[in-house]
Every structure is written in structure tokens, then in C-alpha cells.
Amino acid sequence: MFATSPRLRATVLRVAQSIPVVIGVVIISFLLTRALPGDPAVYFAGVAANTESIEQTRVAMGLDKPLIHQFFVYVGNLLQGDLGQSLTSGRSVATDLAKRLPASLELTLTALILAIVIAVPLGVLAATRPGTWVDHLCRVIVTAGVSLPTFFTGILLIYIFYYLLGIAPSPLGRLDFIYLDPDHVTGFYLIDAALMGDWETWRGAAKQLILPATTLALFTLAPIARMTRAAMLTALSSDFIRTARAAGLSNRTILYRYAFRNALLPVVTTLGMVFSFTLGANVLVEKVFAWPGIGSYAVEALVVSDYAAVQGFVLAMALLFVALNLVIDLLYTAIDPRIGFSSK
Amino acid sequence: MTKATTRRNFLKMGAAGASVLPFLRAMPAAAQGSDTLVVVTGARINSLDLHRTGTSRASYQVGINCYDRLVSFGTKPTPGGGLSYDYEVIEPELAESWTESDDGLTLTFKLKPNATFWDGRKVTAADVKWSFDRAVSVGGFPTVQMKAGGLERPGQFIAVDEETFVIKLDRASKLTLPDLAVPVPYVMNSVEALANATEEDPWAMEYLHTTPAGSGAYKVARWTPGEQLVYERNDAWVGGELPAVKRIVIREVPSPATRRALVERGDVQIAFDIPDKDAAELADVVDVFSTPVENCIHCLCPNFAFEPFQDADVRKAIAYAIPYEDIFQAAAYGRGLPMWGGEEEINDIAWPRKTQYYTDLEKAKELMAGSSYPDGFEVPLSISLDLASWMEPTALLVQEALGKIGITVEIEKIPGANWRTAVLVEKRLPLHLENFGGWLNTPDYYFFWAYQDGHLFNSSNYRNEEVEELTNATLHMAMDDPEYAPKIKRMFEIVLDELPRIPLYQPALNVAANGAEGYEFWFHRQLDSRPLKSV
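Every chain is numbered on its own, with residues counted from 1 as its sequence reads. Each chain gets a letter, beginning with A, and each ligand a number, beginning with 1, in the order they are written. In keeping with the model being predicted, local features are shown solely for residues with a pLDDT of at least 70 and side-chain atom pairs are shown and tallied solely at 80 or more, while totals for entire chains, interfaces and linings include all residues. Excluded from the side-chain calculation are hydrogens and water; included are all heavy atoms of the structure.

**Q** I'm lost on the overall build of chain B in this one. Help?
**A** Helix numbering and strand numbering both begin at the N terminus, where a helix is a DSSP run of H or I of at least 4 residues and a strand a DSSP run of E of at least 2. Within chain B one finds 17 helices and 22 strands. Two things to know: the radius of gyration comes from C-alpha atoms, and the globule rule equals 2.2 Å times the number of residues to the power 0.38. Here the C-alpha atoms of chain B give a radius of gyration of 24 Å, agreeing with the 24 Å that 2.2 N^0.38 yields for 535 residues. Its C-alpha atoms give chain B principal-axis dimensions of about 75 × 55 × 40 Å. For every residue, the accessible area (1.4 Å probe, protein chains only) is compared with the maximum for its type, and the residue is labelled buried under 20%, exposed over 50%, or partly exposed between those bounds. Buried residues in chain B amount to 59% of all 535 residues. Taking all contacts inside chain B whose residues are at least 6 apart in sequence as the whole, residues at least 24 apart take part in 70%. Split by element, the accessible area of chain B, about 19,300 Å² in all, is 50% carbon and sulfur. Contacts: residue pairs with any heavy atoms within 4.5 Å of one another. Here the open area of atoms and residues is found with the Shrake-Rupley method and a 1.4 Å probe, where only the protein chains shown may cover a residue.

**Q** What am I meant to see in the sheet that holds strand E4 (residues 95-100) of chain B here?
**A** Across a sheet, strands are paired by hydrogen bonds formed along the backbone, either parallel or antiparallel in direction. Residues and elements named next belong to chain B. Strand pairing requires that DSSP identify at least two bridges connecting the strands. Strands sit in the order E4-E5-E7-E6 across an open sheet of 4 strands; the sheet is antiparallel. The open sheet has two edge strands with one neighbour each: E4 and strand E6 (157-161). Each adjacent strand pair in this sheet contributes to an overall mean axis angle of 20°, direction not counted. Examined bridge by bridge, strand E5 (residues 106-111) and strand E7 (residues 164-168) share 5 bridges and lie antiparallel to one another. Across the sheet, the residue bridging to threonine 106 is lysine 168, located in E7. Here an angle of 0 to 180 degrees is reported between the N-to-C directions of two axes, which are lines fitted to C-alpha atoms, with helices fitted over the stretch in contact. Contacting E5, E6 and E7, helix H3 (residues 125-137) runs over the sheet at an angle of about 175° to E6.

**Q** Honestly, the interface of chain A and chain B in this entry has me stumped. Any pointers?
**A** How big an interface is tends to be stated in terms of accessible area lost as the parts join. Taken together, the 57 residues of chain A in the interface contact 56 residues of chain B. With both sides pooled, the region where chain A packs onto chain B buries about 4,800 Å², and carbon together with sulfur makes up 58% of that total. What counts as a salt bridge is simple: a side-chain nitrogen of Lys or Arg found within 4 Å of a carboxyl oxygen of Asp or Glu. Scanning the region where chain A abuts chain B turns up 2 salt bridges. Notably, a salt bridge pairs A:Glu300 with B:Arg44, separated by 2.9 Å at the nearest N-O pair. Polar contact is defined as a pair of N or O atoms within 3.5 Å, subject to the rule that within protein one atom must be able to donate a hydrogen and the other to accept it, and that residues adjacent in sequence are counted only when both atoms are side-chain atoms. Linking chain A to chain B there are 11 residue pairs in polar contact (both at pLDDT 80 or more). Counting residues per element, the ones that place at least two in the side of chain A that touches chain B are helix H2 (40-44), helix H3 (51-60), helix H5 (93-128), helix H7 (150-164), helix H8 (189-196), helix H9 (199-236), helix H11 (251-288) and helix H12 (294-303) of chain A. Accessible surface is computed with a 1.4 Å probe, and the buried area is the amount of it that two parts give up when combined, taken over both parts together.

**Q** Quick question: what am I supposed to make of the domain arrangement of chain B here?
**A** Residue and element names in this part refer to chain B. Each domain's extent was defined by an automatic or database domain assignment. Splitting chain B by domain gives domain 1 (35-273 + 512-534) and domain 2 (298-506). For domain 1 versus domain 2, the separation of C-alpha centres amounts to 33 Å. Domain 1 puts 21 residues into the contact, and the matching count from domain 2 is 15 residues. Interface of domain 1 and domain 2: buried area, both sides summed, is about 1,400 Å²; carbon and sulfur atoms make up 64% of it. In terms of surface lost to domain 2, no three residues of domain 1 exceed Tyr87, Lys174 and Leu175, which account for 42% of the buried area on that side. Summed over the shared surface of domain 1 and domain 2, the result is 1 salt bridge.

**Q** Looking at this structure, how should I read the packing of aromatic side chains?
**A** The description of an aromatic ring pair uses the distance of the two centres, along with the angle that the planes make with each other. The pairing test for Phe, Tyr and Trp rings, Trp by its six-membered ring, is centres within 6.5 Å, and the orientation test on the planes gives stacked under 30 degrees, edge-to-face over 60, and tilted for anything in between. The full count for this structure, using the stated rule, is 51 aromatic pairs over all chains. With centroids separated by 5.7 Å and ring planes inclined at 80°, the aromatic side chains of B:Phe309 and B:Phe377 adopt a geometry described as edge-to-face. Note that B:Phe309 is positioned in the loop between strand E13 (298-302) and helix H10 (312-321) and B:Phe377 in strand E15 (residues 377-384), a separation of 68 residues in sequence. A centroid spacing of 5.6 Å and a plane angle of 15° characterise the contact between B:Tyr324 and B:Trp340, whose relative ring orientation is stacked. You can see B:Tyr324 sitting in helix H11 (residues 324-332) and its partner B:Trp340 sitting in the loop between strand E14 (337-338) and helix H12 (361-370), a full 16 residues away along the chain. With relative accessibility at 1%, the residue B:Tyr324 sits in the buried group. A connected cluster of aromatic rings, assembled from ring pairs, spans B:Phe304, B:Trp351, B:Phe436, B:Tyr446, B:Phe447, B:Phe448, B:Trp449, B:Tyr451, B:Phe457, B:Tyr462 and B:Phe492. The criterion is that NZ of a Lys, or CZ of an Arg, lies within 6 Å of the ring centre and within 35 degrees of the ring normal, and then a charge sits over that ring. Above the ring of A:Tyr189, the side-chain terminus of A:Arg174 is found at 3.7 Å from the ring centroid. Its end group placed over the ring of A:Tyr162, B:Arg265 keeps NZ or CZ at 5.2 Å from the ring centre.

Given below as C-alpha cells:
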């Protein structure tokens, strides 16, 4: 089976290659969190602490031991699947990540899908009709999307659609307080609610998603639309399109079958990049919409030197990006058969 | 708690009492009615057990709303409208009555015979003893706070019989009884806790962290860390007047702008701890309670470890150079109380008190000229990034003013995680802003933390033998003792003359309400949900 399926073999190889990366991330995240300024024992000893109670807190947190000892304890726990206990949230980091990562991913993916649905056709239209009003519209949207910071767009959207018009639901996170969370299967509320057949909750979750997803989509639209337009222009002006036109193929066939497929490759590359920086841009959107996602979690943990939470976050992100790169590589081969794994 | 509460048994819980409003899949807005109040806050509740290491301040509210103490404080109106707790009046909560022996060393409490935990079991003196033992044994913050009231070891607590609980003190102290009314010494269901304790965890820290076991006015119906906490009324509560609201939802919303929009629209009834700016602007639109925080002062602290600040004239010059009114308007938007321009002669023992200093640049220049540093010097002014909302504008104004008297100030911003270590533990910041507030509302308690050598909030490394002695003498002395007032006045006189901390203003805790009333300010600066009513 290994020999017969080059794609499977290549996938396994890629996963194996990522192991050193993950080990590196574990070491670096450990050292970096320790290098952060601040003494968590002082912070967590509470409002009225004395030297004695700070010391007690330090011992309770295991921070009195030498660094190398702490590292081995950390790695030992990690091997057993224990990411440690977050002090800011009071729960195990694994539980927090399982709860918050899907929240961020649901928001990011919704935003990304929304952005693709708008940006790709917009890019294609702009490329096929350069200099027309569609092209200008594309340019205006792209410029606006890039230049407006997400927290500003977020607050603006809340102000208009919630505060002034009253048509958006209260920006209170993933679900208004009158709903119960759907049973945890994937952690994506839209999927979980659909699995339960609870469409009332599904609608509630979808309504909450609209504003934050739009905010993020406006921000991610720009690079996708730009890249689609540029890639389409390049593809449309290449020799094989001229040949296709000369051969009398229909406009539609030329556009979608030949030009668009060739233009997809750079667009997919951009998507991977956009996905990663959208997760980063999430932080601000999460704050504004009280979205219980991974970005705000990591920032809060970082501010108070909550070591376990920061390390867990970095590790989760590293794994996520290893997976993401793999998916994108696989997508390449699906889009363009010329790119094979044989070259590796 | 979160694990135990599945959708099914949660709905069952709702159906159990006809009075309890169940969560519907979609509840029409009108049906929210007066049964449910929604509160938004920017702070995170990270544990349901105050005694746990690392429990955040916002979590203290669980200790207040879900647990009972032996005693509580009374209520009084505040000068600016609204209500506040009353430090002078101690009221029963779990205790029905109490007596103090003549030497003040033995306190005997009679528990209310009808007080029960949520599981129906009677609250006994053994539960009180177990809870107090826990508070003095687990270390960290609860142990420090218990010690403030002279409660240091399990041997001091005796369960005489089911309803009689005795505390033996090493010395009589006026702080003991008030210290029993702070959030820390709350009473837990020791049988339930012990059933869930393990050998490594004899105090059931892990269990009580997520599952409160108390007798308080509200039970926790749901807790999703980082998102929300839902309180549900305990109808069998005997600790006080039964709360009017059946369910209270505490929702965490980090962005102040979003909190403001929510309360302004009336979709939430209370926005707790809003910024001064929002409080000033919302005051005309909704009910805003800005209560000056008792026993709390925002100060500029010149550190005695930094040589120029050892010169009394330099410290006084700074005190006359500070643009107090501008700071009060720019940093606090006029919320709180001014702490400058008072009488020099000390006739009362109210604290915080207005200092005798005011903005007078000429006087400041004169004092500088007469000091050992007539040509000025350079000094960094440190502020915390976490507290930037008031510290940054204050620091900029101080920088500008001190520049006029020859002191070149450079503002140094310190990350929140590092701030407490630098300012309070290492005490290494030459000039910095600080905002200690004492829970127990007596001047000597403030002095104990902020003016005694080596204590945490004495970030100026101040030491004055007379202040040391007077603070020790007054700390446990009854306030009606004839010696008390003269000693306290002398303490005021010394520190306001020597100025290790230059008071700027007394900050306020701001709460906006739109559709709720009965809000009470408490020294712990958390929301006591029990007196709230919907309108």
C-alpha cells in the first residue's frame, strides 16, 4: 500500500518531517515563556500578599525548582497528553484549547468562506473587464478592507447594526445567554447544533457569527481579490489562452477551464497565508465581540505570564500550521497534476 | 459544575421549581421579565473557590453570592446617591448572635438553627471550623487576610456544639469582627467537601474549584470560564432578605465599548466596573453609580531609595507642583474625590483625607531652590500598562509639571505581569504611581500596608520609627479608645509632612445600571448580587 500510493507515502513523510519542528517549538516556547518579564508567583499570590504567601504560591506552582527540572516535568506531562493547568482560566489547558480553538476556527473559516465567495468572483470579473466599473469597485473594496483595522470595523459595525439600527443581536459572544450551548461534538456551534437538529440554536449561533465574520471577511477580502485578479490577468495573457482562443473555444471554457484553473495556484497559496494572519487578527475581533476564542485567551495568558496556557497555545498553533501546510500541498497536486510528490 | 450540568438535568432543574424560569431554546425578549438580570463585566472569573491559588479578584463575587459568612456589614446611603455597605454596622449572616468575653479574647457565635446548605443539610459549627481551618491552612491570600484579623491557626477555632462556635484570640483586636465579614472566611459544606477530598488534596481544592458547596443566597447554575456564570436563587436562604431576582447572568465582555453599547441599549441591566470616561458620558443616559472606593488613594510615590527623594524639600516641591485638578479631570473624568487643598491642622480621623498641598508652582520652585538639588535632576516615572487608563494621563501631566521645576521626568511603561514584582516586591522604582486600597476601613490598616517598613504596598521604602510604633499601637486598638484618635492624628501629621506617598485623588468604582436597582458598593469592589432588583 505504501509503495502503491505515492500520495499516502508523501503525506506520511511530511508528517514525519514535522516532528523536529514540533520538538523545536516545545523547547522554544518553554524557554521564551520563562524569558518573559514578570513573576507569576507575585501576580497570582493575590491582592494582599506578603513575602511568605508569595513563596507559598511559588512552591504551589512548581516554580521554585530549577529550570531544567521544570522542563522535564513539562515534557513528561506533555508525553502523557497533559498540557498543564491554566491559572487565568482555572482549567486544564487542554480543556481550554478544546473549547476555544473551535470557536476561533469557526469564526475564521466562516469569515474566510465569506471572503472567498465575494473576493474570487470579484477578482475574476475585475480581471476580465479591466478598467471598467467592476475593476474600480474591486480596487475600492480592497483598499478599504486593508486600510480599516479590524477592531475599528468591528466597533463600527456594532454601532451601526446593533446600536443604531438594532437589527444585529447583542455582541455577547457565540450565543446569547438565552440559549444553551449545543452538545460538544466538534466544538463548532453551527455543526453541533445541526447535528442535534436544534435549528433554533443554530439560528442563534449563526446570527451571532454574522457581524464578527463580516468584520474579519472585510479584512481578508483584499489579498484574495488582489491575488485572484493578478493571477487571472497573467493567465489570460499567456500563450495557451491565445491558442485556445485561436482554436475557437467558447469564452466560458477558456475562462473557467483553462485560465481560472491555472490562476488558482497562487490563490490557494495566498489563502494559506491569509488563514494564518486571520487567526492573528482574530484577537481584536474576539475582544470587541466577546468571542471566547483562542486569540484573546493567549493574549490574556501572556499578559500575566501564565506559562502553561502560552505554551499550550503555541504548541496548538504549531500543529495547526503543520496540518494546514500539508492540506495546501495536497490541494496543489489536486489542482495542478504537474506538481507531483515524486520530485521529493 | 460545567460537566455535571448537562442540558437535560439543567432543564430539569428549571422545571423543578415552578418559580424558576427555564432556559428556553429561544426566549422572547419580553419573557425575560423581572426574573433575570444580565450583568456584563470585563474581568474574568477563573475559579469558584476564593481560597485557591491564582483566583482572580472577579471570582471573589462567588464567595459573596454563593457562600455565607458568620457576619456581614450593614447598608448605608452614599453621599452621591446610591448605597454602600456600612463598615460601622456588623449584621448577622449565618450567626444569629454573638458575644465577646470581657477581655475580648473569646468570641462566641450562635448559629442560626434553620440555616441549611444547598443539599438540605444543617449548617453546623463543625462546618464553620472546617472552613476557617482551611482558610488559615491553605496559604497564600486567604491566610494573609485571616491573619489581619488575628486568625492564624486551626487551634483558635472550636466547635462547642452544633450551633455554638468559639474563636480564641491571642489579643483583642477591633479588626477581628470586620475581618469575619470580608469574603475570605466563608462557610463551606464540610461533609460534601470531605467526601470529595483526596489524600493529596485534603481541603478539596479541586472539587470546590468548580463545584461550590455553600449555603448562600445564590447557587451556581452554570459556569463557562471566559464566557459566563449563571446564578440561581436559593429559596431556602436565611442569611438575609431573600433576593428579588431569581436568576443573574454574569457575562464576560472584554471590550469596554461593547459593554457600553449593551447597557445603553438596555439589553443588559448592569455594566460593572466601567471606565471613568464612560461613566462620565453615560451619567445622563442611564443610572451611573460612581462610589469613591473607601480607604483607597491614587498616589504618586517618591522612593526613598532614590537619593534626591530623601530630601524633604524635593518631595514637598513635587507636592506643590502637581496639577491636581487637571489630573483629576483628565485621568478620572471628575469621578471620585479630590485629595488636595485641605486644612493643614488635623481635627478628625477620617481617612483618606485631603492633604494641605495644592498646585502652586512658585512655592514649588522656592522649595526646589532651597533643596540640595536646586538645578534639578533626572528621574524615570514608572507606570503599569495594565492600569494605563488612569496612570498614563496622570504621568504625562506630572511629567509636564515637574519639568517646570527642573526635574526631568522620563515615563517608563512596565508590562502588567512585571508591575507588581517591580513596584511592590522589589520596590525598585524611583518615582511611580500606586493605588493601594485597604479592605478593612480603618486608617491604621491603611498605614499597616502602605507606610510600615517592608510591607507590600510601602513601595517608597519609607521608614519612620514613630509611624512604626504608632501603627503597631493603633492596629488592634478599639476606635473609641481615648488614645486612638490622638495617635492617628499624629500619624496623619507625620506622613503628610514627610510625603512618602503624595495623594492625588480617591478613585471611584463605576457601575452603570439600566433596568436594575438596589446596587450596593462594597469594599471588595465586586458585585453583590443579593440586593439587586429589576425595574
